[in-house]
Amino acid sequence: MANSSITQSTSRKGLFARGRGAGRQLEWWQQLLLQVFCLVVAVSVLFPIMWIVTLSFKEAGSQRSSTLELIPKSISFSSYQAVIDQPLSKTAGDISFWKLMGNSFFLAAGVSFFSVMIGVAAAYAFSRLNFVGRKFLFLSIGFILLMPGIATLAPLFAMLAKIRTSLEVLRIIYFVLAGLIVTSLILMTISRIRSDDFRAGSIAVVFGGLAVAGLLLWGGLGIDIPKNAKPFDLGRSLYGVGLAMISGALPFAIWNLKGYLDTIPKELEEAAIIDGASPNQIFFRIILPLATPALAVTAFLGFMAGWTEFALTARFINKAENYTLAIALQTMTGQYTTVSWSNFAAMSIMISLPVSIVYLALQKYIVGGLTLGGVKG
C-alpha cells in the first residue's frame, strides 16, 4: 500500500515518467515554452530553404524578388529546364548537366570508398594492435582534425602539381585496378560459396565492387589520347582533387571508426581464433559486418563532403570538362554579370536533393551509427 502511494505521488509530481526511456514530465507552462522555442528554431532553419524553393519555381531568368514570398504564387519548372540545358554560364563553357553530375559523383564516390576502406583498416590497427607510437599517432590524427581543411590547400597543390605521367600509363592503371577488383570479388565469391557463407552482405559487396570496377573501366575507356598529347597533370584533374580530399577525409574516418570498433567485444575475436579463424577471416567476417552502421555513416559523410566540395575543386580544376556541380553553381554569379536567381536557386535544389534524399532515407542508421561509438562498454 505504501509502495503504491509513493509511486502515485512520484508520478503526480512529475519526477520521472513511467515507461522505459521516458523523460521527465513538464508543467504546462514549461511545455508551452518548449514548444515556442522549437517553433522558433524550426522557422529559422526552414525559412531560407522555403525561400530558395519558392524562388526556384519562378520563370527562368527571374531576378530576386524585393518582397518576402515563402509560398509561390505560380509553379514553373522552366528554371530547372534552363539549368539542365545550360548549367554553366556562356563564358565558362558548354558542358552538359549530366557530365557535371558524373564528375561530382565520380569524385564523391571515390572519396567515400577509399576513405572508408583505408580508414577501417587503420582504425582496426589502432583499436586492436599494440605497436610502437600507437598513442602518439592516434593523437596526431586528432590534432589534424582540429586544422581547417583549407589550410592544407597550398601544400597539397604544390605536391600534386609535380606529378605528371602519360595518358597511356593512366589508362593502364585504370584497367589494372579494375582487374584487381574483379579478381578479388571472384575469389571472395568462390570462398564464400564453398564455406556456405554467401549472404545478403556478400551480395552488396559484390555489387558495390562491380560498380567501382565499372567506373574505372568507364574512366579508362573515356580517356582520349590525341597524337600530340601532353603529359597528364595530376594537380589539374579530378584525381588530384580526389587524393587531396581523401587525405582530408581519412583522419575523420579513422577517428570515427576507431571509436566504434572499440565497442565490439574482443571475446568474439578470441572465440573465432579458438575455432581456427585466421586474422583476415576475423576482420572480414566478424569485424566488418558488425561495423556496418559506422561504415555506412562514414561513407555517407565522405560522399556528402565530396559532392559539395568547392574550395579544392575551384583551385585544382582549370578545364570546363572537369567541372563539378559546385563549380557550375559558382559560375552563375560574377562581378559583371546579371545573376539569374531563379536558375541559381534551381541549381542549388538539384545539387542538394540527392544527398538530402539519402539522408532522410537512412536517418535512423546514420544517427545510430554516430552515437553507438560514443560510449565504450
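Our structure's up above, just so we're on the same page.
Residues numbered from 1 in each chain as written. Predicted model: local features only at pLDDT ≥ 70, side-chain atom pairs only at ≥ 80, totals over all residues. Heavy atoms only, no water.

Q: For this particular structure, what's the right way to read the packing of helix α4 (residues 97-128) against helix α5 (residues 134-146)?
A: Relative orientation and spacing of two packed helices are given, respectively, by the angle between their axes and the distance between those axes. Contact geometry of α4 with α5 gives a least axis separation of 10 Å together with a crossing angle of 135 degrees. When the axis of α4 is compared with that of α5, the two are oblique. Of the two possible hands of crossing, α4 and α5 adopt the one that is left-handed. In this structure, α4 uses A125, F126 and S127 to contact α5, whose residues at the interface are R134, L137, F138 and I141. Across the contact of α4 with α5, the residue classes tally to 5 nonpolar, 1 polar and 1 charged. (Axes fitted to C-alpha atoms, helices over the stretch in contact; angles between N-to-C directions. Helix = DSSP H or I, 4+ residues; strand = E, 2+ residues; numbered from the N terminus. Parallel < 35°, antiparallel > 145°, perpendicular 65-115°, else oblique. Left-handed = near helix turned anticlockwise from the far one by under 90°. Contact = heavy atoms within 4.5 Å. Nonpolar A, V, L, I, M, F, W, Y, C, P; charged D, E, K, R; others polar.)

Q: Got a minute to help me understand the pattern of salt bridges in this structure?
A: Close approach of charged atoms allows side chains of opposite charge to pair. One pass over the full model with this rule turns up 2 salt bridges. The partner of E269 in a salt bridge is R128, and the shortest N-O contact between them spans 2.3 Å. Highlighted residues: E269 in helix α10 (residues 266-274) and R128 in helix α4, separated in sequence by 141 residues. (Salt bridge = Lys/Arg side-chain N within 4 Å of Asp/Glu carboxyl O.)

Q: When you look at the nonpolar core in this model, what are you seeing that I'm missing?
A: Within the largest apolar cluster, 47 residues are counted, with the highest numbers of intra-cluster contacts made by F316 and M347. Discounting chain neighbours no more than four positions away, the residues touching M347 are V83, P87, F97, L325, A328, L329 and M332. L257, I264, I282 and L288 belong to the second largest nonpolar core, which has 17 residues in total. (Core = buried A, V, L, I, M, F, W, Y, C linked by side-chain atoms within 4.5 Å. Buried < 20%, exposed > 50% of the residue type's maximum accessible area, 1.4 Å probe, protein only.)

Q: What exactly am I supposed to notice about helix α11 (residues 279-290) here?
A: One turn of an α-helix holds 3.6 residues; hence residues three or four places apart share an orientation. Taking 1.5 Å per residue as the helical rise, α11 with its 12 residues ought to reach 16 Å, and the 16 Å between its terminal C-alpha atoms agrees with that figure. Buried residues along α11 sit in contact with α4, α9 (238-261), α10 and α12 (292-308). (Expected span 1.5 Å × (residues − 1).)

Q: I tried to follow the side chain of S76 on my own but got confused; where do I start?
A: Here S76 is to be found in the loop between α2 (28-56) and α3 (78-85). Given a relative accessible area of 13%, S76 falls into the buried group. There is a polar contact of 3.3 Å between the side chain of S76 and the side chain of E59. Contact partners of S76, with chain neighbours within four places excluded, come to S56, F57, K58 and E59. (Polar contact = N/O pair within 3.5 Å; in protein donor to acceptor, adjacent residues only side chain to side chain.)

Q: How should α9 be read in this particular structure?
A: Taking 1.5 Å of rise per residue, the 24 residues of α9 would be expected to cover 34 Å, and the 32 Å separating its terminal C-alpha atoms lies within 8% of that figure. For α9, the principal kink sits at A249 and spans about 30 degrees; a proline, P251, occurs within the next four residues. Among the 24 residues in α9, 17 count as buried, and that is most of the element. (Bend = angle between axes of the 7 residues up to and from the residue.)

Q: Help me understand the side chain of S342, please; the structure alone is not making it clear to me.
A: Turning to its location among the elements, S342 is positioned in helix α15 (residues 341-361). For S342, the side chain forms a polar contact with the main-chain oxygen of E59, separated by 3.1 Å.

Q: How should the packing of aromatic side chains be read in this particular structure?
A: Taken as a whole and judged by the stated rule, the model has 16 aromatic pairs. Arranged with centres 6.1 Å apart and planes meeting at 45 degrees, the rings of F57 and Y80 form a pair that is tilted. Pair noted here: F57 is in the loop between α2 and α3 and Y80 is in helix α3, with a separation of 23 residues, a long-range link. Since its relative accessible area comes to 16%, F57 is described here as buried. Pairing W341 with F344 gives two aromatic rings, centres 5.4 Å apart and planes at 70 degrees, and the pair type is edge-to-face. Pair noted here: W341 and F344 are both in helix α15, with a separation of 3 residues, about one helical turn. You can call F344 buried: its relative accessible area is 18%. An aromatic cluster is present here, built from F126, F131, F138 and W255 joined pairwise through their rings. For the cation-ring pair, K258 lies above F138, with the distance from its terminal atom to the ring centre recorded as 4.9 Å. Taking NZ or CZ as reference, R315 lies 4.1 Å from the ring centre of F157, over its face. (Phe/Tyr/Trp six-rings, centres within 6.5 Å; stacked < 30°, edge-to-face > 60°. Lys NZ or Arg CZ within 6 Å of the ring centre and 35° of its normal.)

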